[in-house]
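Structural features, examined
What follows is the residue order along each chain.
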Amino acid sequence: MNVVIVGAGIGGLTLGLRLHRAGIACRIYEAAPELKPLGVGINLLPHATKELAELGLLPALEEVAVTTTEIAYFNRFGQFIYSDPSGRFGGYDWPQFSIHRGDLQMVLLRAFVARAGRDAVVTGHRCRGVSQDADGATAHFEDPASQAQLPSRRGDIVVACEGIHSPIRKQFHPDEGPPRYSGLNMWRGVTRWKPFLSGASMVRIGGTEAAKVLVYPIRLNIDAEGRQLINWVVSIEQERAIAQRDWSRKGRLEDFIPAIADWTFDWLDVPAMCRAADEILEYPMVDQDPLPFWGEGRVTLLGDAAHPMLPRGANGGAQSILDCTALTNALVANADPVAALKAYEAERRPATGRVVLRNRAEPPDAILHEVSRRTGDKPFTRIEDVISSEELAALNNGYKRVAGFDHDRLRAAG
Ligand SMILES: Cc1cc2nc3c(=O)[nH]c(=O)nc-3n(C[C@H](O)[C@H](O)[C@H](O)COP(=O)(O)OP(=O)(O)OC[C@H]3O[C@@H](n4cnc5c(N)ncnc54)[C@H](O)[C@@H]3O)c2cc1C
């Protein structure tokens with residue numbers, strides 16, 4: 001078995017590590033001429049860290065990531081609503097990490113190259129499409145700078161891990177149409193700032209969709225004053241999507257700061273933190289409907305190429321990591337690669353489709369909406385008079401179940 005992986009992002013590299021561990025030969029082809037630590041923050045919940053632990057990556061991740069202690073909810077007046085202890089602090093056997101996406105990608109890359117060899121990742125290869133016959137599948141490439149054609153690469157199967165703009169997805173689904181706008185735009189950034197709350201808290205603030213903020217540290221002790229690199233995301237309800245999907249598109253402070261100008265709390269000055277950002281990026285909250293099928297025959301999709309979802313449940317990365325385990329297990333269990341890819345899709349397509357739809361209908365911050373609805377978006381005197389702790393826990397656990405990180409499910413999976 002020889003696998004051609006297209007894209008060296010979170011999914012492609014994790015798949016490489018999984019296949020290598022199972023003794024399946026693979027090579028990754030990446031469009032970027034050089035892999036650089038791009039992006040800002042990303043969260044790895046226990047269902048993802050469980051998988052990364054199996055790959056022996058926890059020590060390397062613990063060195064660069066923040067081990068998150070809690071996910072806490074506040075209204076737009078800075079009043080505390082609810083806190084859910086995270087990862088091991090919440091009784092899971094695995095931690096939750098808040099991490100710079102670039103740090104995560106570099107941990108995966110270093111581990112893969114150390115185990116599979118330097119030649120196992122080939123950069124400067126942009127995939128244009130795939131073809132296949134009864135005996136194998138072939139990915140076709142061009143040089144991203146000159147657009148000159150490069151030699152095609154053949155394997156027993158091709159796995160498309162090239163993210164939201166996947167040309168292989170387009171090839172199989174030419175009439176899919178544009179991404180679906182959720183009605184929210186978001187601005188993301190990182191700021192060197194002093195620790196807040198526990199120093200490792202992930203915090204969701206807001207009420208209605210009008211404006212919400214997600215904040216968490218992704219690097220600890222980055223200077224002599226003990227500051228942290230804090231990741232923040234401001235999402236605002238707007239009629240139109242701001243731009244095309246582009247993870248690296250620069251954003252402007254003046255486009256979102258008025259919506260949160262008075263969010264100055266004794267535990268965090270949100271507008272001041274945003275104003276002090278090193279970098280601001282903008283991104284429309286868009287996703288795509290779950291597909292009726294992913295690939296055909298010897299070609300399949302994985303990660304964002306398969307199931308682009310609204311980036312608000314800390315699940316884009318996690319679901320791509322779960323895909324890798326399912327695909328590897330299917331390849332180990334089935335001698336026939338076509339049957340293996342069918343089994344993989346049968347397991348992962350419905351599961352990820354449910355997360356895509358749940359992220360739309362009842363996102364992980366449903367608690368904020370419910371409290372805002374019950375208080376008329378006003379400050380409260382006592383949260384117990386607004387909503388019971390059982391109701392809060394039920395809202396919180398509903399999302400965990402669909403995304404696959406409720407306690408019972410993870411325990412049962414061993
Ligand atoms: C530059 C960048 C920054 C990001 N920043 C964040 C962030 O800050 N926070 C967050 O939550 N998520 C971020 N994401 C998305 C996040 O990584 C994914 O949602 C998730 O981890 C799923 O990973 P994936 O492997 O499916 O896709 P990705 O991680 O997006 O990886 C796709 C890879 O495929 C490569 N590629 C694209 N087209 C081709 C092609 N035609 N041929 C070959 N290779 C190709 C890309 O360069 C990339 O390395 C970012 C993605 C990118 C590419």
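Everything below is about the structure printed above this text.
Throughout this description, residue numbers start from 1 for each chain and increase along the sequence as written. Only residues with pLDDT of 70 or above have their local features reported here, since the model is predicted, and side-chain atom pairs are shown and tallied only from 80 upward, although totals for entire chains, interfaces and linings are computed over all residues. Side-chain figures throughout are based on the complete set of non-hydrogen atoms in the structure, without hydrogens or water.

1. Details of the overall build of the protein chain
To be explicit about the condition: Secondary structure elements are defined from DSSP: runs of H or I of at least 4 residues count as helices, runs of E of at least 2 residues count as strands, and each element is numbered from the N terminus. The reference for a compact globule is 2.2 Å times residues^0.38; the radius of gyration itself is calculated from the C-alpha atoms. Pairs of residues are marked as contacts when any of their non-hydrogen atoms sit within 4.5 Å. Positive: Lys, Arg. Negative: Asp, Glu. His and the chain ends are not part of the count. For this purpose, a charge sits on NZ of Lys, CZ of Arg, CG of Asp or CD of Glu.
Of the regular secondary structure elements, the protein chain holds 11 helices and 18 strands. Its C-alpha radius of gyration of 21 Å places the protein chain within 12% of the 22 Å reference for a compact globule of 414 residues. If you line up the protein chain on its principal axes, its C-alpha atoms span 70 × 45 × 45 Å. Across the protein chain, every contact between residues at least 6 apart in sequence was considered, and the portion connecting residues at least 24 apart equals 73%. Distance between charge centres in the protein chain, computed from 47 positive and 51 negative side chains, equals 2 Å.

2. Observations concerning the site of the ligand
Our working definition: Proximity is defined per residue: any heavy atom of the residue falling within 4 Å of a molecule or strand makes that residue near it. Here a polar contact means two N or O atoms within 3.5 Å. Within protein one must be a hydrogen donor candidate and the other an acceptor candidate, and residues neighboring in sequence count only if both atoms are side-chain atoms. For the area figures, the Shrake-Rupley method with a 1.4 Å probe applies, and any residue is considered shielded solely by the protein chains shown.
The full set close to the ligand counts 30 residues, and Gly11, Glu30, Arg101, Arg188 and Asp304 are the nearest of them. At 2.7 Å, a backbone N or O of Gly11 approaches an oxygen atom of the ligand. Coverage of the ligand by the protein chains reaches 86% of its 920 Å² of free accessible surface. Looking at the shell around the ligand, the elements with two or more residues in it are helix H1 (10–21), strand S3 (41–44), strand S9 (126–132) and helix H7 (316–333). With three residues, the single largest contributor to the shell around the ligand is H7.

3. Looking at the pattern of salt bridges
A side chain with one charge can pair with a side chain of the opposite charge if their charged atoms come near. Short version of the rule: Think of a salt bridge as a Lys or Arg side-chain nitrogen and an Asp or Glu carboxyl oxygen that are within 4 Å of each other. The classification of residues rests on relative accessible area computed with a 1.4 Å probe and restricted to protein chains. Under 20% of the type maximum is buried, over 50% is exposed, and intermediate values are partly exposed.
Scanning all chains against the criterion turns up 26 salt bridges. Among the salt bridges present, the one from Glu391 reaches Arg374, with a minimum N-O distance of 2.7 Å. You can see Glu391 sitting in helix H10 (residues 389–403) and its partner Arg374 sitting in helix H9 (residues 366–375), a full 17 residues away along the chain. Residue class for Glu391 comes out partly exposed when judged on its relative accessible area of 33%. Taken together, the shared-partner salt bridges connect Arg18, Lys50, Glu51 and Glu54 into one network.

4. Re the packing of helix H2 (residues 46–54) against H7
How we decide: Between the N-to-C directions of two axes lies an angle of 0 to 180 degrees, each axis being a line fitted to C-alpha atoms and, for a helix, fitted only over the stretch in contact. Here the angle decides the label: under 35 degrees means roughly parallel, over 145 means roughly antiparallel, 65 to 115 means roughly perpendicular, and every other value means oblique. Should the near helix be turned counterclockwise from the far one by less than a right angle, the crossing is left-handed, whereas a clockwise turn marks it as right-handed. Residues are grouped as follows: Ala, Val, Leu, Ile, Met, Phe, Trp, Tyr, Cys and Pro are nonpolar; Asp, Glu, Lys and Arg are charged; all remaining types, including Gly, are polar.
The N-to-C vectors of H2 and H7 enclose an angle of 45°; their axes lie 9 Å apart at closest approach. The angle between H2 and H7 places the two elements in the oblique class. The handedness of the crossing between H2 and H7 is left-handed. Note on element contacts: H7 touches H2 through Ala318, Gln319, Ile321, Leu322 and Thr325, opposite His47, Ala48, Glu51 and Leu52. A class-by-class count of the residues in the contact of H2 with H7 yields five nonpolar, three polar and one charged.

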